[in-house]
Amino acid sequence: MAGASETHIEVDGHEVRVSHPDKVVFPEPGLTKLDVVRYYVSVADGALRGAGGRPMVLKRFVKGIDAEPFFQKRVPENHPDYIGTATLQYARGTSAEEAVVRDAAGLAWVANLGCLDLNPHPVRAEDLDHPDELRVDLDPMPGVDWNQIVDTAFVAREVLDDHGLVGWPKTSGSRGIHILVRIAPEWDFRAVRLAAETLAREVENRAPGLATARWWKEERGESVFVDFNQNAKDRTVASAYSIRALPDARVSMPLSWDALRTARPEEFTAVTVPALFAEHGDAHAGIDDAVGRLDALLQLAKDLGPAEKPPRGGSADGRRASTMPLIEVARTKTKPEAQEALEVWRSSHPDAAALLHPADVLVDGMRGSSSLWYRVRVNLQHVPEADRPPQEELIADYDPWAGRTWPAGR
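Quick notes on the rules
Residues numbered from 1 in each chain as written. Predicted model: local features only at pLDDT ≥ 70, side-chain atom pairs only at ≥ 80, totals over all residues. Heavy atoms only, no water. Pairing = 2+ DSSP bridges. Helix = DSSP H or I, 4+ residues; strand = E, 2+ residues; numbered from the N terminus. Phe/Tyr/Trp six-rings, centres within 6.5 Å; stacked < 30°, edge-to-face > 60°. Buried < 20%, exposed > 50% of the residue type's maximum accessible area, 1.4 Å probe, protein only. Expected span 1.5 Å × (residues − 1). Axes fitted to C-alpha atoms, helices over the stretch in contact; angles between N-to-C directions. Parallel < 35°, antiparallel > 145°, perpendicular 65-115°, else oblique. Left-handed = near helix turned anticlockwise from the far one by under 90°. Contact = heavy atoms within 4.5 Å. Nonpolar A, V, L, I, M, F, W, Y, C, P; charged D, E, K, R; others polar. Arc of directions from axis to C-beta.

Focus: the sheet that holds strand 13 (residues 211–212)
Here comes step 1: One open sheet accounts for five strands, arranged 11-12-10-14-13; its pairing is mixed. With one partner strand each, in any of the chains shown, strand 11 (168–171) and strand 13 form the two edges of the open sheet.
Here comes step 2: Note: strand 10 (residues 133–140) against strand 14 (residues 224–227), four bridges, orientation antiparallel. Along strand 14, the bridge assignment pairs Pro 140 with Val 224.

And the structure:
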């Protein structure tokens, strides 16, 4: 013990410093920062199976779970020698030397930085151009219940099976389900994303109304979006055993397909998972032995032909325009501010608000330079055209790029 402001723990032969160990991170279950660190050490074998050996974006909740995190791509300069690095080239033309965790000490170190969930890229540090993991992200629209998400997962499993691939499900730790698929690292990001989009289209074809592959949120209705774009270059998702920033410290929990039928996301928290892990082990223990190929899915992509794209709008920049009657309500720095702006709009237009379906309200977290911001939109498709409120001045107009300077030529 080195005093009230820090402590040190030994992990795999390394001494890991934990600053402010008694700081309460999750007030509801009473979990401290040291508890979070110890949680990751207790499930290290499973967490490393998901995140180990991969470059990782550090998503840091330094101001607690109620404040927006910031995203740190570059590994801190004073990182210990047991933290590896890999230099990623981003689609925007920039690059960053990111952290690569390979052992339990590394997990403890990133947890001490305020990282609650782990956000690795789908590539190994030894080959940054060829993903070895296809990620199926089942993202429910508002109004969709858990059983519908599970049903969609089993349709996705059927499509994977039919194309020679093995899916490994886990709760997302939020509202959805992730299915991980190990693949041979022989295809680039573009091909992997195409395979994922093809999978999504086939799931929608087999379960119309239940699932959707429509990219534009306002066109999805009350369905489960099979988010293929999580396979685009530079994208990351919370990996196995990640703690999510929810009041109950919910965990992204790997499950068997049989367990997925009866499990509920709220069962798996940083309090309950260590004992479950100690008793039953990792449900994804065999994932690295189930490597598949994308040939069949890519052939299906050719058979289906190009996906339908939204029409081009008449704007000067040529961006695609939605066919839905959308209005934008606000742009805010935080989600609570977004919800407040939405309530202001509802109170100003009570008749229209009463006709909205759950999926008509679109509150989207948007990636800024180093943190999220929020865009609030309303789809007026269920409001008679004559009664639709017009586009008005935004209730809040936060600019996430204000004050930011760009390199010459950007």
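Re the packing of aromatic side chains
Here comes step 1: Per the stated rule, a full pass over the model turns up four aromatic pairs.
Here comes step 2: Summarising the aromatic geometry, the rings of Tyr 39 and Tyr 40 are spaced 5.0 Å apart at their centres and angled 75 degrees between planes, so their arrangement reads as edge-to-face.
Here comes step 3: Take Tyr 40: its relative accessible area is 0%, and that puts it in the buried class.
Here comes step 4: Measuring from ring centre to ring centre gives 5.1 Å for Phe 154 and Trp 257, while their planes differ by 65 degrees; the resulting arrangement is edge-to-face.

Structural notes on unusual backbone geometry
Backbone geometry follows two general trends: most residues other than glycine have a negative phi, and most peptide bonds adopt the trans configuration.
Here comes step 1: Phi angles above zero are rare outside glycine, and Asp 12 is one such case at about 50 degrees.
Here comes step 2: Considering the arrangement of structural elements, one finds Asp 12 in the loop between strand 1 (6–11) and strand 2 (14–19).
Here comes step 3: When its relative accessible area of 56% is taken as the criterion, Asp 12 is described as exposed.
Here comes step 4: If you check the backbone angles, Tyr 241 has positive phi at about 70 degrees while not being a glycine.

Here we look at helix 5 (residues 189–206)
Here comes step 1: Counted at 1.5 Å a residue, the expected span for helix 5 with its 18 residues is 26 Å, and the 26 Å between its end C-alpha atoms agrees.
Here comes step 2: Every buried residue of helix 5 is accounted for by Phe 189, Ala 191, Val 192, Ala 195, Ala 196, Glu 197, Thr 198, Leu 199, Ala 200, Arg 201, Glu 202 and Val 203.

Considerations on the packing of helix 4 (residues 146–162) against helix 5
Here comes step 1: Where helix 4 meets helix 5, the axes come as close as 9 Å, and the angle between the chain directions of the two elements is 120 degrees. Classed by the angle they form, the pair helix 4 and helix 5 counts as oblique. Here helix 4 runs over helix 5; the crossing is right-handed. Where helix 4 approaches helix 5, its residues Thr 152, Val 155, Ala 156, Glu 158, Val 159, Leu 160 and Asp 162 are matched on the opposing element by Leu 199, Glu 202, Val 203 and Arg 206.
Here comes step 2: Classifying every residue of the contact of helix 4 with helix 5 by side-chain character gives six nonpolar, one polar and four charged.

So, the environment of Arg 367
Here comes step 1: Its location among the elements puts Arg 367 in strand 16 (residues 361–367).
Here comes step 2: Among the residues examined, Arg 367 registers a relative accessible area of 44% and is labelled partly exposed.
Here comes step 3: Remark: the alpha-carbon pair of Arg 367 and Phe 71, spanning 296 residues in sequence, is separated by 9.4 Å.
Here comes step 4: Not counting chain neighbours up to four residues away, the residues in contact with Arg 367 comprise Phe 71, Leu 372, Trp 373 and Trp 401.

Brief notes about the side chain of Glu 202
Here comes step 1: For Glu 202, the location among the structural elements is in helix 5.
Here comes step 2: Accessibility expressed as a relative area gives 13% for Glu 202, which makes it buried.
Here comes step 3: What Glu 202 contacts, discounting residues up to four positions off in sequence, is Val 159 and Leu 300.

As for helix 8 (residues 295–304)
Here comes step 1: Burial in helix 8 covers these residues: Leu 297, Leu 298, Leu 300 and Ala 301. Seen from one end, helix 8 has its buried residues packed into an arc of 150 degrees, which puts them on one side. Those residues of helix 8 that are exposed and aimed more than 90 degrees away from the buried face are Lys 302 and Asp 303.
Here comes step 2: Those residues of helix 8 that are buried are in contact with helix 5.

Observations regarding the sheet that holds strand 17 (residues 372–379)
Here comes step 1: Spatially, 16-17-15-18 is the arrangement adopted by the four strands of the open sheet, whose pairing is mixed. Edge strands, defined here as strands with exactly one partner in the open sheet, are strand 16 and strand 18 (396–397).

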